[in-house]
Amino acid sequence: MTKKKALALFSGGLDSILACKIIHAQGIEVRALKFVTPFFDHQLLEKHDAYRDEIMHKYGLAVELVDLSEGYIDLLRNPAHGFGKNFNPCIDCKILMLTRARQLLDQYQASFLITGEVLGQRPMSQRRDTLRLIERDSGCEDILLRPLCARRLKLTLPERAGWVDRDRLYGFTGRGRRPQIDLAAHLGITDFPAPAGGCVLTDPNLATRIERFYAGLFAIEREQFQVADFRLLLLGRQFRLPGGHWLILGRNEKENEQLRSLAGPDDWLLHMETRPGPAAVLRRAETLPAATSTEDELCSLAGGLVVRFGKKIGNNRLAGDVLLERAGGRQVLRSVVPLADAVFQPWIV
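Residues numbered from 1 in each chain as written. Predicted model: local features only at pLDDT ≥ 70, side-chain atom pairs only at ≥ 80, totals over all residues. Heavy atoms only, no water.

**A short note on the nonpolar core**
- Formed by 84 residues in total, the largest nonpolar core has its most connected members in Phe10, Ile23, Phe39, Phe112, Ile210 and Phe230.
- The contact partners of phenylalanine 230, leaving out residues within four places of it in the chain, are Pro38, Phe39, Ile73, Ile210, Phe213, Tyr214 and Phe225.
- Counting 24 residues, the second largest nonpolar core, distinct from the first, contains Leu241, Trp268, Leu270 and Leu333. (Core = buried A, V, L, I, M, F, W, Y, C linked by side-chain atoms within 4.5 Å. Buried < 20%, exposed > 50% of the residue type's maximum accessible area, 1.4 Å probe, protein only. Contact = heavy atoms within 4.5 Å.)

Okay, structure coming up:
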């Protein structure tokens, strides 16, 4: 009999680790899929190999990163099943992940899918009726196995076909963590992350910012949204300049480097060369209509913010030169005056 393979939705948390280990212990080859978007775990794409090595070393699991960014950006425009408490489309998120995992079955020569879901653990997305809805809308009915709570759910194809022994699955339910922790100890798993919300769409402050972005916070059409926009939206100090222009200031050197790496060909990149301070990105400055701001005004406003948040000279905030890098080349904005707090406070996002 050919050894069966399964694809697992892998968050990296304890429940998904246990689900993979339970099925692997039954002789099934498990490939864990770690989905990433700008709203959770996108930074892992920069260290794919290191992450794979880490998960293999810790848990003996083969993991692949799958970038869902483009589909996820579209999903947030109008999720079919709405949002949770903040801007989190938990049900549609799970449907999107399972749909993509199902589409990958042939590529990995796998026969079914597994998740670490526990019946009743989450009030929105893990109710019995919602679990069935997710199966249906993702096209995964009968091929989706939930090892941690399977004995409380109907039989699935992997169980009926004898690929998986139902008696070696579990019937966990509710929000308590003790059964999972005890099982982890039994399996010798001691190094696992504490439960935490890794999705910024559940963060009240960041979720509000992202929701406002979709609602037209800046002078950018929805059809123009890019992955880099959302990575920038989670960085630094955010400002909506007159005319809807979008400026981001780094708060430290790490953020300055991130801004430089994310700046696109249509962006302006500004910083002071002779004084410590923030890097700034004026997003799409080369392509957006000037609206109520002329180019000289934009230079003055953006440069004034860079100087305002730069290092003081003594106890004073003095004018400084700001280097502007843009598609047409580089220019120095001379003796830019720092903006007064009362001027830019209304622009803070």
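**Re the side chain of serine 16**
- If you trace the backbone, serine 16 turns up in helix α1 (residues 14-24).
- Among the polar contacts made by the side chain of serine 16, one reaches the main-chain carbonyl oxygen of glycine 13 at a distance of 3.0 Å.
- Those residues in contact with serine 16 that sit more than four places away from it in its chain are Leu9, Phe10, Ser11 and Gly116. (Helix = DSSP H or I, 4+ residues; strand = E, 2+ residues; numbered from the N terminus. Polar contact = N/O pair within 3.5 Å; in protein donor to acceptor, adjacent residues only side chain to side chain.)

**Quick look at the pattern of salt bridges**
- Evaluation of the coordinates by the stated rule reveals 29 salt bridges.
- For the salt bridge of glutamate 117 with arginine 146, the shortest nitrogen-to-oxygen distance reads 2.6 Å. Taken together, the residues span a long stretch of sequence, with glutamate 117 in the loop between β4 (112-114) and α5 (128-138) and arginine 146 in the loop between β5 (144-145) and α6 (157-160) at a distance of 29 residues. Here glutamate 117 and arginine 146 have matching classes, each one buried.
- For arginine 146, the salt bridge is made with glutamate 135, and the minimal N-O distance between the two is 2.4 Å. (Salt bridge = Lys/Arg side-chain N within 4 Å of Asp/Glu carboxyl O.)

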